[in-house]
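Spelled out from the first residue to the last, the chains are:
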Amino acid sequence: DEGDIPEPTLLWSHKLRGFRDGFAPGYDRYRNPLDTDLGQFVLGKLDFDLKEEILSTKTAFQNVDVYDVLNPGAKSMDSYLKSLLNDGSYESTHPEQFGPDRILF
């Protein structure tokens, strides 16, 4: 039965390759969000079980990026998925304990 087959999940990361500083004329690493903390600590990491962009916007002064991440060293993906169910389990009655961490850049 096809209903018994779980949907696949995707773990992704983004890595900048090559040389930019000093090699690409006019390149400013502080203007590239992939070359800053966001790229280093969220987008470039492959070990998060969940990485979801909540908001990405640009103001007149700065870029604002908000991500939800689930670090497998701190929280279990199985517990998080169980917290989304309404089955009376401990996880589902206390979902705030098992949800992802929200990170602001």
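Structure: above.
Basis of the calculations
Residues numbered from 1 in each chain as written. Predicted model: local features only at pLDDT ≥ 70, side-chain atom pairs only at ≥ 80, totals over all residues. Heavy atoms only, no water. Helix = DSSP H or I, 4+ residues; strand = E, 2+ residues; numbered from the N terminus. Polar contact = N/O pair within 3.5 Å; in protein donor to acceptor, adjacent residues only side chain to side chain. Contact = heavy atoms within 4.5 Å. Salt bridge = Lys/Arg side-chain N within 4 Å of Asp/Glu carboxyl O. Buried < 20%, exposed > 50% of the residue type's maximum accessible area, 1.4 Å probe, protein only.

## Examining the side chain of Ser92
Okay, so step 1: Relative to the helices and strands, Ser92 resides in helix α3 (residues 90–93).
Okay, so step 2: A polar side-chain atom of Ser92 sits 3.2 Å from the main-chain amide nitrogen of Gly88.
Okay, so step 3: Of note is the side chain of Ser92, whose polar atom sits 3.0 Å from the backbone oxygen of Ser89.
Okay, so step 4: When neighbours within four sequence positions are excluded, Ser92 is seen to be in contact with Lys82, Ser83, Leu85, Asn86 and Asp87.

## Points about the pattern of salt bridges
Okay, so step 1: Following the criterion strictly, the structure yields 2 salt bridges and no others.
Okay, so step 2: Here Asp68 and Arg102 are joined by a salt bridge, their closest N and O atoms 2.7 Å apart. In this pair, Asp68 sits in strand β2 (residues 63–70) while Arg102 sits in strand β3 (residues 101–104), placing the two residues 34 residues apart along the sequence.
Okay, so step 3: Look at Arg102 and you get exposed, because its relative accessible area is 57%.

## Focus: the environment of Gly3
Okay, so step 1: Along the polypeptide, Gly3 turns up in the segment before α1 (37–43).
Okay, so step 2: C-alpha of Gly3 to C-alpha of Gly44: the two residues are 41 residues apart in sequence and 34 Å apart in space.

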